[in-house]
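Descriptive structure summary
Single-letter residue listing:
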Amino acid sequence: MTTLALNSADIATIAGDVLVVATVPAGGRKKGAVLAGPAAGLKAAPKRKLEEALAALGATGKAGDVVRVPGAGISAAPVVVAVGLGAGPWNDEALRRAAGNAVRSVAGSKRAVLALPVETAAGLDAVAQGALLGAYSFDSFRVDSKAAQKAPVTRITLAVADAKDASTVAAVARAKAIAGAVILARDLVNTPAGDLPPAALVAAAADAVDGLSVEVEVLDEKALAAGGYGGILGVGKGSANPPRLARLAYRPEGATAHLALVGKGITFDTGGISIKPSLNMHEMKGDMGGAAATAAAVVAIAKLGLPVNVTGYLCVAENMPSGKAQRPGDVIRAYGGKTVEVMDTDAEGRLVLMDGLVRAQEDKPDVIVDIATLTGAAVVALGSRTFGIMSNDDDLREAVHDASKRAGEAAWPMPFPEELRANLDSSVADIMNIPLVGRPHGGMMTGGIFLAEFIKDGQRWAHLDIAGPSYNAGGPHGYTPKGGTGAAVRTLVQLAEDIADGAV
Ligand code: BES
Ligand code: MN
Ligand code: ZN
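Small disclaimer: the values here were computed from a predicted structure and weren't measured.

A word on the coordination of the manganese ion (ligand 2)
Distances from the manganese ion (ligand 2) to its protein donors, Asp269 (OD), Asp346 (O), Asp346 (OD) and Glu348 (OE), fall at 2.1 to 2.2 Å. Coordination at the manganese ion (ligand 2) is irregular, judged from the six donor atoms that bind it and the angles of 70 to 168 degrees they form at the metal. Sequence spacing of the donor residues for the manganese ion (ligand 2), all on one chain, is D-x76-D-x1-E. Separating the manganese ion (ligand 2) and the zinc ion (ligand 3) is a distance of 3.1 Å, and Asp269 donates to both of them. Looking at Asp346, the relative accessible area reads 23%, which means it is partly exposed.

Here's what the structure looks like:
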């Protein structure tokens with residue numbers, strides 16, 4: 001990962017290849033941009049020079065505005081980049097996006113100095129996260145084309161009032177742990193499924209927690225069969241790469257509250273016998289985004305030493321059609337015994353999650369959150385940047401939504417209309433995995449209602465459908481790259497912090 005340092009010197013003197021400053025719209029009748037934050041305190045002559053250059057180049061100060069000017073006569077850095085924050089009062093997410101835009105726009109330079117208006121520890125955390133996440137690139141599969149890519153900045157220096165201040169240092173440590181975890185999740189999502197079969201995904205997760213106080217337990221296909229994990233096995237049956245269930249347990253001394261995370265880890269979703277159309281099927285290498293977010297959140301939580309017990313379950317299988325694959329109409333047995341009639345092998349996420357959810361409840365957690373790229377219907381309902389939150393507990397749904405807001409992730413609460421449950425009544429088994437009538441309406445909620453069947457009375461549980469935001473098929477924006485985004489990681493870490501604080 002890109003390195004991050006702090007510096008309290010005059011921003012005009014800090015060494016670097018590019019100095020990033022912030023602008024906001026001038027407002028009122030005035031056109032153009034005015035400087036915000038540390039750059040507003042530049043000495044008169046360099047400040048005038050910068051303002052004149054920005055005016056000549058048409059800087060607006062609007063969010064997303066990026067203007068480059070020569071640094072000569074302004075700063076030690078040879079280039080100054082002015083990024084717009086939008087009309088104030090700006091929030092932490094505006095800072096996070098501006099930092100991401102700035103760092104992305106200076107790819108190809110080595111050292112960037114960021115002088116953004118940071119007034120609180122949370123603001124600094126946001127700038128640090130935005131900068132580190134904006135510096136992401138995924139090029140481990142490039143050979144000949146690698147040189148033509150602009151390499152992300154390797155060193156970021158944040159201009160702060162007091163680099164030694166304890167809350168400043170703590171905010172940066174938090175930002176580094178969280179950004180590192182988001183980047184891990186992005187890498188796992190972006191890795192081609194041919195290079196990341198179930199055993200490799202689980203091994204990568206085990207690797208990521210190596211050296212942290214996290215205990216890892218992995219069930220292979222034999223152990224899954226012995227334990228009766230019919231959902232994970234059924235989905236994995238068609239693949240030459242056998243399925244896995246991984247359990248990551250973080251048990252800090254003295255912690256009492258317990259959060260369980262259950263992630264959907266379909267390393268590739270062809271749809272199985274109910275095969276998908278080929279258009280954009282490659283994006284289904286990202287169908288393990290929930291498991292990636294789960295593993296990444298456990299890594300960040302353990303690195304930060306949060307005083308809360310956390311157990312992460314990765315429900316991992318490859319959904320392939322073959323002579324050994326499960327068929328529509330087959331009845332499988334979930335862990336714990338409930339029977340499911342598989343009406344569509346492409347509704348496989350709920351089948352691996354049901355096993356994980358039943359297993360997770362044996363640990364008696366206070367709260368369970370599952371994270372899954374579960375339904376295309378979630379993308380239809382909420383678009384590609386917002387995840388859905390469903391829960392059997394109104395307070396928990398609110399708590400997750402609140403955590404997402406503070407983490408800077410877009411999410412929205414969805415209901416569980418009870419009439420949808422009857423559509424899942426099976427004529428041969430306890431439940432069907434999709435309705436025969438009432439499709440496609442309410443597909444995101446139907447997914448949640450199916451999962452609810454496996455939650456015991458009184459167990460607090462939330463379901464996050466991250467099918468939209470987990471994978472960015474469009475262009476990069478803010479601190480979000482193309483491809484894997486690491487969606488939900490920041491919300492999960494924030495929620496764990498809130499639980500540790502006794503607020504949930
Ligand atoms: N992995 C898909 C959902 C998905 C779609 C994720 C688009 C990301 C982007 C899931 O396994 C799936 O295939 N869902 C089906 C459910 C249907 C059969 C009830 C869907 O959305 O069509
Ligand atoms: Mn599917
Ligand atoms: Zn899927």
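Looking at the UniProt feature "domain: Cytosol aminopeptidase" (unreviewed entry) in the protein chain
Under the UniProt annotation, "domain: Cytosol aminopeptidase" (unreviewed entry) lies at residues 184-493. Strand forms 22% of residues 184-493 and helix 31%; the C-alpha atoms that close the span are 14 Å apart.

Things to note about the UniProt feature "active site" (unreviewed entry) in the protein chain
This chain's UniProt record puts "active site" (unreviewed entry) on Lys276 and Arg350. By the element assignment, Lys276 lies in the loop between strand S10 (258-269) and helix H8 (289-304). Classification of Lys276 by relative accessible area gives partly exposed; the value is 21%. In this structure Lys276 touches Asp269, Thr270, Gly271, Met281, Met284 and Asp346, once residues within four positions along its chain are discounted. Residue placement: Arg350 occurs in helix H9 (residues 349-361). Accessibility expressed as a relative area gives 6% for Arg350, which makes it buried.

Re the sheet that holds strand S17 (residues 431-432)
Across the sheet, which stays open at both edges, the three strands sit in the order S12-S13-S17 with mixed pairing between neighbours. Since the sheet does not close on itself, it has two edges, and those belong to strand S12 (331-333) and S17, each with one partner. In the sheet, S12 pairs with strand S13 (residues 339-341) via three bridges, with the strands oriented antiparallel. Bridge pairing links Arg333 to Thr339 in S13.

Definitions and cut-offs
- Residues numbered from 1 in each chain as written.
- Chains lettered and ligands numbered in written order.
- Predicted model: local features only at pLDDT ≥ 70, side-chain atom pairs only at ≥ 80, totals over all residues.
- Heavy atoms only, no water.
- Donors = N, O, S within 2.8 Å, 3.2 Å for Na, K, Ca; no water.
- Tetrahedral: all angles 85-135°; square planar, octahedral: opposite > 155°, others 65-115°.
- Buried < 20%, exposed > 50% of the residue type's maximum accessible area, 1.4 Å probe, protein only.
- UniProt positions renumbered as here; feature names shortened; annotations may be inferred.
- Helix = DSSP H or I, 4+ residues; strand = E, 2+ residues; numbered from the N terminus.
- Contact = heavy atoms within 4.5 Å.
- Pairing = 2+ DSSP bridges.

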